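Architecture at a glance
Spelled out from the first residue to the last, the chains are:
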Amino acid sequence: MPERTNRIGRHLRTSGGLGKTLESARELGCETAQIFVSNPQGWAVPPPRADAEAFVEGSRELGLLPVVAHAKYLINLSSPYSDLRERSIEALARELLTAGALGVDLVVVHSGSHGGDGEEKGMDRLVEGLERARELAGGFAGSSGQVAEPIIENSVGAGTQLCSTFDALGDVVRRAGMRVCVDTAHTFVAGYDLSTPDTARLVAAELRATVGQEIALLHLNDARNELGSHRDGHSKIGEGQVPVECWPELFAGLPGVPVVMETPYDSSDADAEEVRLVKELAGGLLVSPGGV
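These notes cover the structure that comes with them. Note that the structure is a prediction, hence the values are computed from the model and not measured.

Considerations on the sheet that holds strand 2 (residues 32-35)
The strand order 1-2-3-4-5-6-7-10 describes a closed barrel built from eight strands, whose pairing is parallel. On average, each strand axis in the sheet is inclined to that of its neighbour by 30°, with strand direction left out of account. Bridging between strand 1 (residues 8-11) and strand 10 (residues 259-261) involves three bridges; their strand directions are parallel. Paired with Ile8 across the strands is Val259, a residue of strand 10. With respect to the sheet, helix 9 (residues 268-281) is in contact with strand 1, strand 7 (215-220) and strand 10, its orientation differing from that of strand 1 by roughly 140°.

See below:
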């Protein structure tokens, strides 16, 4: 069996402080990790954290790479409403700045909804919003500040949501010069069949052909709902619609792509076992020095 090149981790709580977050990462055997840097359900800008420097150093000592943040759920850069768009642009810029101060490498942001205006107009607004948010974050940071890299996540394609197809993700890559995050549960319910080893292999090949090398992150989630249902819902690996024997084929087709699970929390032992299982499915417990 080839050496594993995908670094494995999961989303972690920050409610007990970032020191506790790092301890959880160590206990679970994470090689990468995702956090929120602010309340994802509110617009408030988070104040600077006193434990930021310790988190940067602790992440480095644990070898967490990349460190990921998920942006606020309220952000909708594609909205037809200018006030919501402007608020979203500033919120994302602040998230990129806050994440940068914590040594976060990537910030996952949802593509949003065109609100009935049509995909073409929505994509135009999305691309413009991403460009403006990056420029604004750079201005906030100044010459000495660090800004995290935003990456767009695929959606389930419900209602007027954008970027449920690989073609749409590829469009964002080309037009906005951005990398992407691919959520496997979203992928499945959007209509890409991961339920057999053969189809999982084909999905990985199609993703590579469409998006190329611009896949920055894989959100590894089993799907609670049916293929093509366009209904979100995450299950633990092996407990949803995708049999465990399908995941190795997906990993084989996406070498080197870091993996973060957003599956339901369980006990620490159960979560650690899930991380261990995914490492084995991806090629073994030890990651190759070439893994990125």
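Re helix 7 (residues 197-211)
The end-to-end C-alpha distance of helix 7 is 21 Å, a good match for the 21 Å that 15 residues give at a rise of 1.5 Å each. When helix 7 is considered as a whole, its buried residues turn out to be Ala200, Val203, Ala204, Leu207, Arg208 and Val211. Along the long axis of helix 7, the arc covered by the buried residues comes to 130°, so they all point the same way. Of the exposed residues in helix 7, those oriented more than 90 degrees away from the buried face are Leu202 and Ala209. Here the buried face of helix 7 lies against helix 5 (166-176), strand 6 (179-183), helix 6 (184-189), strand 7 and helix 8 (247-253). In the stretch just after helix 7, Gly212 is the one whose phi turns positive, near 70°.

A few points about the nonpolar core
In this structure, Leu92 and Leu130 are the most contacted members of the largest nonpolar core, which totals 76 residues. Apart from the residues within four sequence positions on either side, Leu130 is in contact with Leu77, Leu92, Val109, Ile152, Val172, Ala176 and Met178. Counting eight residues, the second largest nonpolar core, distinct from the first, contains Val68, Leu106, Ile151 and Ala216.

What about the packing of helix 5 against helix 7?
It is the contact of helix 5 with helix 7, at a shortest axis distance of 8 Å, that shows an interaxial angle of 30°. Taken together, the axis directions place helix 5 and helix 7 in an arrangement best described as roughly parallel. The two elements helix 5 and helix 7 cross, and the hand of that crossing is right-handed. Counting all contacts with helix 5, which are made through Phe166, Asp167, Leu169, Gly170, Val173 and Arg174, the residues of helix 7 involved are Val203, Glu206, Leu207, Thr210 and Val211. When grouped by side-chain class, the residues that make up the contact of helix 5 with helix 7 number six nonpolar, two polar and three charged.

Here we look at the environment of Gly170
Topologically, Gly170 is positioned in helix 5. With 45 residues separating them in the primary sequence, Gly170 and Ile215 have C-alpha atoms 9.9 Å apart. Residues within four places of Gly170 in sequence aside, it is in contact with Thr210 and Val211.

Here is what the cut-offs are and how they apply
Residues numbered from 1 in each chain as written. Predicted model: local features only at pLDDT ≥ 70, side-chain atom pairs only at ≥ 80, totals over all residues. Heavy atoms only, no water. Pairing = 2+ DSSP bridges. Helix = DSSP H or I, 4+ residues; strand = E, 2+ residues; numbered from the N terminus. Axes fitted to C-alpha atoms, helices over the stretch in contact; angles between N-to-C directions. Contact = heavy atoms within 4.5 Å. Expected span 1.5 Å × (residues − 1). Buried < 20%, exposed > 50% of the residue type's maximum accessible area, 1.4 Å probe, protein only. Arc of directions from axis to C-beta. Core = buried A, V, L, I, M, F, W, Y, C linked by side-chain atoms within 4.5 Å. Parallel < 35°, antiparallel > 145°, perpendicular 65-115°, else oblique. Left-handed = near helix turned anticlockwise from the far one by under 90°. Nonpolar A, V, L, I, M, F, W, Y, C, P; charged D, E, K, R; others polar.

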